[in-house]
Amino acid sequence: MPEPGSNDAHSHSATLKRLEQSSGRLAANAIARMDETLPWYRAMPPENRSWIGLVAQAGIAAFTEWFRHPETPQAISTDVFGTAPRELTRAITLRQTVEMVRTTIEVMETAIDEVAAPGDEAVLREALLVYAREIAFATAQVYAQAAEARGAWDARLESLVVNAVLSGEADEGAVSRAAALGWNSPEHVCVVLGTAPDGDSELTVEAIRRAARHAKLQVLTGVLGDRLVVIAGGSDNPLAVAKALIGPYAAGPVVAGPVVPDLLAATRSAQASAAGLKACSAWQDAPRPVLADDLLPERAIAGDPAAREQLVEEIYRPLEEAGSALLETLSVYLEQASSLEGAARMLFVHPNTVRYRLRRVTDVTGWSPSDVRSAFTLRIALILGRLADGDPQA
């Protein structure tokens, strides 16, 4: 920079004075150029346009101050963007901000010959180039900080929603928070639970998001303790959802809860999947992933009241309503080690009659007595149903 007392210093002082006098006009010209060349600026509401105008004025004022004392470090991001509210970074994109800055710099460049004192044009042009670089860095910094703040806030918000669903405290507040995160209230929702991998939980969450995008699912997810929780929406097939998202889970069981209609009902799916995860160790050959409903007998034995009620209401009661013959035949068949002939002898009927009644059991309950796993489920349902009939408190 020019030495004090030199001709260059005199030119610099003259340029600085003319720059100060021209700052208002330059800002007005920049705003006019934006209105002329930037369609998104013209479409903005007046309040946001006024904030952008203040940013442009602050940018020119900051350049003037920087030109006055170029050797003094300047907090450009504070000087320029501090004049506008933080919400402005949500109202205009980074690309739009770059266009705004570029337009303002271009207006200042075209005025260099007019503003600079004679012989000082090159100095002002060089200073403007350096300042343009600094303002570009400042712009990137502002948006990076805003993105980090939004990301941290969104993560906390998402964790609140996931925890509310898992703990049974989901309410309209949780729905509102989910909506703020982009949850569009899909018709089909289920909860998938498993063990979280070691390492950075943010990387795990991002991996779930990538898998969800590929599967065209909406997700709310988080790592709670050692569990990776995913609330998934957009599919009525919970097993397919779990298979699509299983990649980021650590080794061990992954359990998908039943499909429910919305986020408020997701607590039911979460509780079923949590109970299934707890009981999964009792079924060593369980597939991965596995449906919580496929773990109903283990869940019931482990003390899950919802599983016990579901087995009674979905298996025992329909068989009871279909007639005593089905209940008696199923009970005898199971006691006779799944032998048609043995059951027929005990019931004093033809084996074909037993076969027909067992087909009716499958039609009524959806569980086949001839399948080992289904037979186990049916046996537990019969036991629980009899206990419920024998003791109203059971």
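Residues numbered from 1 in each chain as written. Predicted model: local features only at pLDDT ≥ 70, side-chain atom pairs only at ≥ 80, totals over all residues. Heavy atoms only, no water.

**Here's the deal with the overall build of the chain**
Line of reasoning, step 1. Each helix and strand counted, the chain has 18 helices and five strands in total.
Line of reasoning, step 2. Sorting the 394 residues of the chain into buried and exposed places 45% on the buried side.
Line of reasoning, step 3. Considering only contacts in the chain between residues 6 or more positions apart, those separated by 24 or more positions represent 67%.
Line of reasoning, step 4. With the model as given, the accessible surface of the chain reaches about 20,200 Å², and the carbon-plus-sulfur share is 52%. (Helix = DSSP H or I, 4+ residues; strand = E, 2+ residues; numbered from the N terminus. Buried < 20%, exposed > 50% of the residue type's maximum accessible area, 1.4 Å probe, protein only. Contact = heavy atoms within 4.5 Å. Areas by Shrake-Rupley, 256 points an atom, 1.4 Å probe, with all protein chains shown as cover.)

**A few points about the nonpolar core**
What tends to happen in soluble globular proteins is that the nonpolar side chains get buried as a cluster.
Line of reasoning, step 1. By size, the foremost hydrophobic cluster in this structure holds 33 residues, and its most contacted members are Met 34, Trp 40, Ile 52 and Phe 63.
Line of reasoning, step 2. When contributions to this core are tallied by element, the ones reaching two or more residues are helix H1 (7-37), helix H2 (39-42), helix H3 (46-68), helix H6 (94-110), helix H7 (112-115) and helix H8 (121-167).
Line of reasoning, step 3. The greatest single-element share of this core, amounting to eight residues, is contributed by H3.
Line of reasoning, step 4. Residues in contact with Trp 40, not counting those within four places in the same chain, are Ile 52, Ile 92, Gln 96, Glu 99 and Met 100. (Core = buried A, V, L, I, M, F, W, Y, C linked by side-chain atoms within 4.5 Å.)

**Topic: a negative patch on the surface**
Line of reasoning, step 1. The grouping of Glu 169, Asp 171, Glu 172 and Asp 262 at the surface amounts to a negative patch.
Line of reasoning, step 2. Mapped onto the elements of the fold, Glu 169 is located in the loop between H8 and helix H9 (172-180).
Line of reasoning, step 3. In this structure Glu 169 comes out as exposed when scored by relative accessible area, which is 55%. (Patch = residues over 30% accessible without salt bridge, like charges linked within 9 Å, V, L, I, M, F, W, Y side chains within 5 Å. Salt bridge = Lys/Arg side-chain N within 4 Å of Asp/Glu carboxyl O. Lys, Arg positive; Asp, Glu negative; His and termini not counted. Charge placed at Lys NZ, Arg CZ, Asp CG, Glu CD.)

**Examining the pattern of salt bridges**
Line of reasoning, step 1. With the rule as written, the count across this model stands at 11 salt bridges.
Line of reasoning, step 2. Of the charged contacts in the structure, one is a salt bridge between Glu 114 and Arg 25, with a shortest N-O distance of 3.1 Å. With Glu 114 in helix H7 and Arg 25 in helix H1, this residue pair connects regions lying 89 residues apart in the sequence.
Line of reasoning, step 3. Assessed through its relative accessible area of 35%, Arg 25 is described here as partly exposed.
Line of reasoning, step 4. Arg 209 is the salt-bridge partner of Glu 158, the closest N and O atoms lying 2.3 Å from each other. Of this pair, Glu 158 sits in helix H8 while Arg 209 sits in helix H10 (residues 201-214), placing them 51 residues apart in sequence.
Line of reasoning, step 5. The class for Glu 158 is buried, based on a relative accessible area of 6%.
Line of reasoning, step 6. The exposure class assigned to Arg 209 is partly exposed, which follows from its relative accessible area of 23%.
Line of reasoning, step 7. Put simply, Asp 293, Arg 299 and Asp 304 are held in one network by salt bridges that share partners.

**Considering the side chain of Arg 299**
Line of reasoning, step 1. Looking at the element boundaries, Arg 299 is found in helix H13 (residues 296-301).
Line of reasoning, step 2. Discounting residues that sit within four places of it in the chain, Arg 299 has contacts with Ala 272, Ala 275, Gly 276, Ala 279, Ala 292, Asp 293, Asp 304, Ala 306 and Ala 307.

**Things to note about the confidence of the model for the chain**
Line of reasoning, step 1. Here the chain averages 84 in pLDDT, and 87% of its residues register 70 or above.
Line of reasoning, step 2. Across the chain, strand S4 (residues 254-256) holds the top mean pLDDT of 97, while helix H4 (residues 76-81) sits lowest at 51.
Line of reasoning, step 3. When the criterion is pLDDT under 50, residues 1-5 qualifies, and its contacts beyond four places in sequence or with other chains add up to seven contacts. (pLDDT = per-residue confidence, 0-100.)

**Description of unusual backbone geometry**
Line of reasoning, step 1. Following Arg 288, the chain continues to Pro 289 via a peptide bond in cis, the omega torsion being 0 degrees.
Line of reasoning, step 2. Looking at the element boundaries, Pro 289 is found in the loop between helix H12 (266-279) and strand S5 (290-291).

**So, the sheet that holds S5**
Line of reasoning, step 1. The five strands lie next to each other as S2-S3-S1-S4-S5, forming an open sheet whose pairing is mixed. Looking at strand neighbours, the two that pair on one side only are strand S2 (218-224) and S5, the edges of this open sheet.
Line of reasoning, step 2. Two elements, S4 and S5, share two bridges in a ladder whose sense is parallel. For Ala 256, the partnering residue across the bridge sits in S5 and is Leu 291.
Line of reasoning, step 3. Strands strand S1 (189-195), strand S3 (227-233) and S4 of the sheet are contacted by H12, whose axis makes an angle of about 30 degrees with S1. (Pairing = 2+ DSSP bridges. Axes fitted to C-alpha atoms, helices over the stretch in contact; angles between N-to-C directions.)

**Thoughts on the pairing of S1**
Line of reasoning, step 1. The element S1 is largely enclosed, with a buried count of six among its seven residues.
Line of reasoning, step 2. With seven bridges connecting them, S1 and S3 associate as antiparallel partners. Residue pairing for S3: Val 191 is matched across the bridge by Ile 231.
Line of reasoning, step 3. Where S1 meets S4, three bridges bridge the pair, whose relative direction is antiparallel. Paired with Val 192 across the bridge in S4 is Ala 256.

**Overview of the packing of aromatic side chains**
Line of reasoning, step 1. A complete count under the given rule lists one aromatic pair for this structure.
Line of reasoning, step 2. Ring geometry for Trp 40 versus Tyr 41: centroids 6.3 Å apart, planes at 85 degrees, classification edge-to-face. Both residues of the pair, Trp 40 and Tyr 41, belong to the buried class.
Line of reasoning, step 3. Over the ring of Trp 283 we find Arg 373, and its NZ or CZ is 3.6 Å from the ring centre. (Phe/Tyr/Trp six-rings, centres within 6.5 Å; stacked < 30°, edge-to-face > 60°. Lys NZ or Arg CZ within 6 Å of the ring centre and 35° of its normal.)

**Regarding the packing of helix H15 (residues 324-335) against helix H16 (residues 340-347)**
Line of reasoning, step 1. The geometry of H15 relative to H16 is characterised by a closest axis approach of 8 Å and an angle of 125 degrees between their N-to-C directions. Taken together, the axis directions place H15 and H16 in an arrangement best described as oblique. H15 and H16 meet at a crossing whose hand is right-handed. Here Glu 328, Thr 329, Val 332 and Tyr 333 of H15 lie close against H16, whose contacting residues are Leu 340, Ala 343, Met 346 and Leu 347.
Line of reasoning, step 2. Looking at the contact of H15 with H16, its residues break down into six nonpolar, one polar and one charged. (Parallel < 35°, antiparallel > 145°, perpendicular 65-115°, else oblique. Left-handed = near helix turned anticlockwise from the far one by under 90°. Nonpolar A, V, L, I, M, F, W, Y, C, P; charged D, E, K, R; others polar.)

**Quick word on the side chain of Thr 204**
Line of reasoning, step 1. Mapped onto the elements of the fold, Thr 204 is located in helix H10.
Line of reasoning, step 2. Here Thr 204 falls in the buried class, since its relative accessible area comes to 7%.
Line of reasoning, step 3. With residues up to four places along the chain from it excluded, the contact list for Thr 204 reads Pro 197, Leu 228 and Pro 248.

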